[in-house]
Amino acid sequence: MEKKKVSLVILISGGGSNLQAIIDAIENNKLDAEIKTVISNKVSATGLDRAASADIESHVVDHQQFPNRRSFDRAMMNIIDPLKPDLVILAGFMRILSDEFIDHYQHCLINIHPSLLPKYKGLNTHQLAIDNHDAVHGASVHYVSHELDSGPVVIQAEVPVLDSDDKNSLASRVLEQEHKIYPMVIQMVAEGRLTFDGNQLNLDNKQLTKPLLWKNNKLSV
Ligand code: GRF
């Protein structure tokens, strides 16, 4: 019998390397998921080409064509809702979402952010880690709540900051780890191991009170 697949809608704005990591994990049978559609707010996003190459349907919802955030978000909801996805995945999606959108998908809206949250919400995280002489930097996968880059964190990938790092070298090492932890979290949902009721995160029927840690290619609780 075929395993149950978790169904995904993936929102992107740019390169879509996290989208690609999810596509690759599915193709390599490491992730029991199905991407129902990809939505980009930018027509130029190269992630759209990645979706096309994998034969995945995509939509452009250009935020510039809408008078306000609410109407833009509603246009996305009109695409997403008929598909009834198990998860809405923000993968390099660079728009702030309305409260209405966040409330609507509260139990199933996941984001990846390139910092060890709650440190460095917003943009320019890699430069901030360097400027502040942090010994470690990284990425977080979290359920989305109203405040920007907030909400319960499922996993963090730690990456050492090297003396020789500039923001680009650090960003590319962090991105490498993002590509590992995002499919990992989605697979936990697919296996029914990870649940979120809008309030509490549970992993393997126990409350997850602090993020899982992914470090040196090993997962620890
Ligand atoms: C990633 O660091 C992601 O976490 C951030 O945007 C960067 C690019 O992501 N939000 P992608 O290549 O478009 O997936």
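Residues numbered from 1 in each chain as written. Predicted model: local features only at pLDDT ≥ 70, side-chain atom pairs only at ≥ 80, totals over all residues. Heavy atoms only, no water.

Draft legend 1. Structural context of helix H1 (residues 17-27). Every buried residue of H1 is accounted for by Asn 18, Leu 19, Ala 21, Ile 22, Ile 23 and Ala 25. Looking at the buried side of H1, the elements it contacts are strand S1 (6-12), strand S2 (33-40), helix H2 (47-53), strand S4 (87-90), strand S5 (109-113) and helix H6 (167-190). (Buried < 20%, exposed > 50% of the residue type's maximum accessible area, 1.4 Å probe, protein only. Helix = DSSP H or I, 4+ residues; strand = E, 2+ residues; numbered from the N terminus. Contact = heavy atoms within 4.5 Å.)

Draft legend 2. Just the site of the ligand, in detail. What surrounds the ligand is the set Gly 15, Gly 16, Ser 17, Asn 18, Gly 92, Ile 112, Pro 114, Leu 175 and Glu 178. One of the backbone nitrogen or oxygen atoms of Gly 16 is found 2.9 Å away from an oxygen atom of the ligand. Contact with the protein chains hides 80% of the accessible area of the ligand, taken as 360 Å² for the molecule alone. Elements with a minimum of two residues in the shell around the ligand: H1 and H6. (Near = heavy atom within 4 Å. Polar contact = N/O pair within 3.5 Å; in protein donor to acceptor, adjacent residues only side chain to side chain. Areas by Shrake-Rupley, 256 points an atom, 1.4 Å probe, with all protein chains shown as cover.)

Draft legend 3. Representation of helix H3 (residues 69-80). An ideal rise of 1.5 Å per residue puts 16 Å on twelve residues; H3 measures up with 16 Å between its terminal C-alpha atoms. Buried residues along H3 sit against S1, S2, strand S3 (58-60), S4 and helix H4 (99-104). (Expected span 1.5 Å × (residues − 1).)

Draft legend 4. Summary view of the nonpolar core. Counting 68 residues, the largest nonpolar core has Leu 8, Ile 10, Leu 11, Met 76, Leu 87 and Ile 89 as its most contacted members. Of all the elements, H6 adds the most residues to this core, at nine residues. Not counting residues up to four positions away in its chain, the partners in contact with Leu 87 are Val 6, Ser 7, Leu 8, Val 9, Cys 108, Ile 110, Tyr 143, Ile 186 and Val 189. (Core = buried A, V, L, I, M, F, W, Y, C linked by side-chain atoms within 4.5 Å.)

Remember, this is a structural readout, not a statement about activity or role.
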